[in-house]
Amino acid sequence: MAAAVSIQNLCKSYGTVPGVKDVSFQVEQGEIFGLLGPNGAGKTTTLRCLCTLAKPDSGTIEISGVSVLEQPREARKRLGYVAQEVALDKILTGRELLELQAALYHIPKAEARQRIEVLLEVLDLQSYADRKTGTYSGGLKRRIDLAAGLLHQPEVLILDEPTVGLDIESRIVVWDFLRQLRASGTTILITSHYLEEVDALADRVGIIDRGLVIAEGTPAELKNKLGGDRITLRIREFTPLSEAETAQKMLSELPCVQAAIVNATSANSLNLVVTPNRDVLMTIQQSLQTAGIPIFGISQSRPSLDDVYLAATGKTLLDAELSAAGSRDLKAEQKQSMR
Amino acid sequence: MSGTIDTSTSVNLQPNDRLRSREPLDSDGFADFIQETLALTKRLFIQLQRRPSTLIAGIVQPLMWLVLFGALFQNAPKGMMGNDLSYGQFLGAGLIVFTAFVGALNAGLPVMFDREFGFLNRLLVAPLASRYSIVAASAIYIVALSFVQTGAIIGVNALMGAGLPSIAGLGIIALIILLLVLGVTALSLGFTFALPGHIELIAVIFVINLPLLFASTALAPLTFMPQWLQMVASLNPLTYAIEPIRYLYNHQQWDLSSIVLQAPGGAVSFGTSLLILVGFAALTLTAIQPLLKRRLA
């Protein structure tokens, strides 16, 4: 059986700006695939090519074996797309919007009415269905947009940053819904720059940075590949640098410690990469005690996707996010999204 | 977000089995085209119903023209416009055409907003049988709107004493409006896809709106104009929509060979005017094809 989504060597630039340099990945039937990366990494461009909204410079894209470039209409029938900026007609009611959407997908009227009722019910939109979408809150807009993307029962649902701008509660509601959708057999491709979102939802992850996929696998695989656990150690609430450096030097010499750095942005706490075993915390505590260094707090964790990103790019997702925010050209982005 | 999604109820969210096939899905292209065009047209009419200000303004404005502009020249000697016409009677045909023209010129505006707000992307991601349904819906909507507005002006004009053309005459007026609106709507949609945003589109509409009115026979007959303006006016498609309608208002008897205009290049018959309008519509509709193909393909 063909993969639900197969992208090979996708390349797409806007003028001289390379949006996507060389992206390849596959999404298997029935899984949630998360495309993780900072803003400007090429996530949206990839999705735009996938949804036939942008024409790739080169590369191939297939949805269940149907070539998006050669048979765009067949590909469109198979996918549902929920864009990053929710584009609703604020004059229409939710129901009218869904009816329009159903007609655009050529769903027979009676069937459409039934589907609309089902989706309104599942997404708990019934009491809002006959209000104009212009009166909707952010969460409601996102839900009606989800309903619109699902009306024609697509095989692949594509969501661009599905929970951006939503409060925590709404985000969890959307996550639950997407899991339910996966359970009923829909393949889901989401982009996100939220680590927790991808970690919580995705069966597999592709990390994208500056137009290239730099890592791909299940979250566990990616983290295990990094090896070692993370230990965050705070000697005092606010540790003097000299004391932190003494501890760093001493702990680095322990066989179970692979790396130790002083994190100046977090009150000189120590970040350690250690060989995971049962005694590692104990060993560290004992050696600190012997040297007469106090412990304010200590915690051990598995590597996070942020660590995966850090290892691959040399910077944290947050740093990449901040530097990308400074160099964004919103006008150019608007132009790219317009047809 | 208020409310929660109830995940306990079991409902059918499964992908449609049909969509799993690699084979092209059978579909009736023409029926699909009709379905999507009707749905898109319905959307425009729902918008109109909830925001009727465009329609109302589109009717009130020409009526104000009719009353105010008519009054401005009320004391002009009768017969100055030829054929014992009062200026009000002369002006009626010009306003009918101008109203339809302005409406059609604005046809691209909703599409431009759809482009800017991303709603167009929603349409382009859908498996439309043909993306010309987006264009067709705009045209149907504007033609219907123009008919309503034109009807209102013809009615008020009649109440003001300009008289009413025969049924056949009204049919011809409808045909003329249809041709003009199709041609101008194409032009407007062309601008919509060529220009970067609604500010630029409004500027272009603003710039070509009044000059095209003044450089036509809407407000004054060709004989009033200097030679150069006569040349311009006789190249202006609005003139060929206005003159046949004016002729219908002034004459009981007419046929396709009736001379409606003495242009610098020679006499223009009723039939020639209609052909020029057909040509104009065909020209603009053809001219925007490459642009639409590029933007909507």
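Residues numbered from 1 in each chain as written. Chains lettered and ligands numbered in written order. Predicted model: local features only at pLDDT ≥ 70, side-chain atom pairs only at ≥ 80, totals over all residues.

1. Some words on the overall build of chain B
How we decide: In this text, helices come from DSSP runs of H or I with a minimum length of four residues, and strands from runs of E with a minimum of two, each type numbered from the N-terminal end. Put simply, a residue is buried when 20 or more other C-beta atoms lie within 10 Å of its own C-beta and exposed when 12 or fewer do; between those, it is partly exposed, and each C-beta is set from the backbone. What counts as a contact here is a pair of residues whose C-beta atoms, placed from the backbone, lie within 7 Å.
Counting secondary structure elements, chain B contains 12 helices and two strands. Traced from its N-terminal end to its C-terminal end, chain B shows the element sequence α-α-α-α-α-α-α-α-α-α-β-β-α-α. Here chain B holds 297 residues, and 40% of them are scored as buried. Partitioning the intrachain contacts of chain B with sequence separation of at least 6 by distance along the chain shows that 75% fall at a separation of at least 24.

2. Here's the deal with the overall build of chain A
A tally of regular secondary structure across chain A gives 13 helices and 14 strands. Along the longest, intermediate and shortest principal axes, the C-alpha atoms of chain A span 80 × 45 × 40 Å. In chain A, once contacts between residues fewer than 6 apart in sequence are set aside, the share between residues at least 24 apart is 69%.

3. Points about the nonpolar core
Which entries qualify depends on this criterion: Note on terminology: a nonpolar core is any set of buried Ala, Val, Leu, Ile, Met, Phe, Trp, Tyr and Cys residues joined through C-beta atoms within 7 Å.
Among the nonpolar cores identified, the biggest contains 152 residues, and Ala147(A), Ile158(A), Val97(B), Phe101(B), Leu180(B) and Ile245(B) are the most heavily contacted of them. Setting aside its immediate chain neighbours within four residues, Ile158(A) contacts Leu47(A), Leu50(A), Cys51(A), Leu79(A), Gly80(A), Tyr81(A), Val82(A) and Leu189(A). Ala260(A), Leu270(A), Leu272(A) and Ile284(A) belong to the second largest nonpolar core, which has 12 residues in total.

4. A look at the interface of chain B and chain A
Threshold: Classification used: nonpolar for Ala, Val, Leu, Ile, Met, Phe, Trp, Tyr, Cys and Pro, charged for Asp, Glu, Lys and Arg, polar for all others including Gly.
Counting residues at the interface gives 43 residues for chain B, matched by 52 residues for chain A. For the side of chain B that touches chain A, the elements supplying multiple residues, two or more each, are α1 (29–50), α4 (108–117) and α5 (119–125) of chain B. In terms of residues, the side of chain B that touches chain A owes the most to one element, α1(B), which gives eight residues. Looking at side-chain class alone, the side of chain B that touches chain A contains 19 nonpolar, 12 polar and 12 charged residues.

5. As for the packing of helix α2 (residues 53–72) of chain B against helix α6 (residues 132–162) of chain B
Residues and elements named next belong to chain B. The criterion, for reference: Geometry is summarised by axes, namely lines fitted to C-alpha atoms with helices restricted to the contacting stretch, and by angles between N-to-C directions that run from 0 to 180 degrees. Crossing handedness is read from the near helix: turned anticlockwise from the far helix by less than a right angle, it gives a left-handed crossing, and turned clockwise, a right-handed one.
α6 packs onto α2 with a crossing angle of 35° between their chain directions and a minimal axis gap of 10 Å. As α2 packs across α6, the resulting crossing turns out to be right-handed. Facing Leu55, Gly58, Ile59, Pro62, Leu63 and Leu66 of α2, the residues of α6 in contact are Leu145, Val148, Gln149, Ala152, Ile153, Val156 and Asn157. Counted by class, the contact of α2 with α6 contains 10 nonpolar, three polar and no charged residues.

6. Comments concerning helix α11 (residues 270–287) of chain B
Turn by turn, an α-helix covers 3.6 residues, leaving residues three or four places apart pointing in a common direction. Residue and element names in this part refer to chain B. The following threshold applies: Multiply 1.5 Å by the residue count of a helix minus one, and that product is the helix's expected span. Arc definition: it is the arc formed by the directions from the helix axis to the C-beta atoms.
Helix length check: α11 (18 residues) gives 26 Å between terminal C-alpha atoms against 26 Å at 1.5 Å per residue, within 8%. Those residues of α11 not exposed but buried are Phe270, Ser273, Leu277, Phe280 and Ala281. One side of α11 holds all its buried residues, which, seen down the axis, span an arc of 90°. What points out from α11, more than 90 degrees from its buried face, is the exposed set Thr286 and Ala287.

7. Notes on the domain arrangement of chain A
Heads up, the condition is: All the domain ranges listed were derived from an automatic or database domain assignment.
For chain A, the assigned domains are domain 1 (5–223 + 317–337) and domain 2 (228–302). For domain 1 of chain A and domain 2 of chain A, the distance between their C-alpha centroids amounts to 41 Å.

8. Regarding helix α5 (residues 138–150) of chain A
All names here are of chain A. Under the 1.5 Å per step criterion, the end-to-end length of α5 is 19 Å for 13 residues, consistent within 8% with the ideal 18 Å. Of all 13 residues in α5, 12 are buried, a share of seventy percent or more. Buried residues along α5 sit in contact with β6 (79–82), α3 (94–104), α4 (109–122), β7 (156–160) and α6 (168–183).

9. A look at the sheet that holds strand β14 (residues 297–301) of chain A
Residues and elements named next belong to chain A. Selection rule: A pair of strands counts as paired when DSSP detects no fewer than two bridges linking them.
What the four strands build is an open sheet, ordered β12-β13-β11-β14; its pairing is antiparallel. With one partner strand each, in any of the chains shown, β12 (257–263) and β14 form the two edges of the open sheet. Direction aside, neighbouring strands of the sheet carry axes that sit 15° apart on average. Where β12 and strand β13 (residues 269–274) come together, six bridges link them in antiparallel fashion. Paired with Ala260 across the strands is Leu272, a residue of β13.

10. Concerning the pairing of strand β11 (residues 229–234) of chain A
Residue and element names in this part refer to chain A. Relative to β13, β11 is paired through five bridges, and the arrangement is antiparallel. Of the residues in β13, the one forming a bridge with Thr232 is Asn271. Bridging between β11 and β14 involves five bridges; their strand directions are antiparallel. By the bridge assignment, Leu233 is partnered in β14 with Ile298.

11. What about the confidence of the model for chain B?
What counts is decided by this rule: Scored from 0 to 100, pLDDT records how confident the predictor is in each individual residue.
Here chain B averages 87 in pLDDT, and 90% of its residues register 70 or above. Scoring the predicted complex yields pTM 0.83 and, for the interface, ipTM 0.84.

12. Structural notes on unusual backbone geometry
Residue and element names in this part refer to chain A. Backbone geometry places His106, a non-glycine residue, at a positive phi of 60°. Note that His106 resides in the loop between α3 and α4. For Asp124, which is not glycine, the phi torsion reads 50° and is therefore positive. Position of Asp124 among the secondary structure elements: in the loop between α4 and α5. Note on Asp124: 18 C-beta atoms within 10 Å, which makes it partly exposed.

13. Observations concerning the packing of α6(B) against helix α7 (residues 167–194) of chain B
Residue and element names in this part refer to chain B. The condition that has to hold: The labels follow the angle: roughly parallel below 35 degrees, roughly antiparallel above 145, roughly perpendicular from 65 to 115, and oblique for the rest.
It is the contact of α6 with α7, at a shortest axis distance of 9 Å, that shows an interaxial angle of 135°. Put simply, α6 runs oblique to α7. The way α6 lies across α7 gives a crossing that is right-handed. On α7, the residues touching Val135, Ser138, Ala139, Ile142, Val143, Ser146, Phe147 and Thr150 of α6 are Ala174, Ile177, Leu178, Val181, Leu182, Thr185 and Leu189. Residue classes in the contact of α6 with α7 are distributed as 11 nonpolar, four polar and no charged.

14. With respect to the environment of Asn250(B)
Residue and element names in this part refer to chain B. In this structure, Asn250 sits in helix α10 (residues 237–250). Owing to 20 C-beta atoms within 10 Å, Asn250 belongs among the buried residues under this scheme. Between the alpha carbons of Asn250 and Leu164 there is a distance of 9.9 Å; along the sequence they are 86 residues apart.

15. Overview of the environment of Ile293(A)
All names here are of chain A. Relative to the elements of secondary structure, Ile293 occurs in the loop between α10 (280–290) and β14. Taking the C-alpha atoms as reference points, Ile293 and Arg236, separated by 57 residues in sequence, lie 9.3 Å from one another. Excluding anything up to four places from it in sequence, Ile293 contacts Ile235, Ala247 and Leu288.

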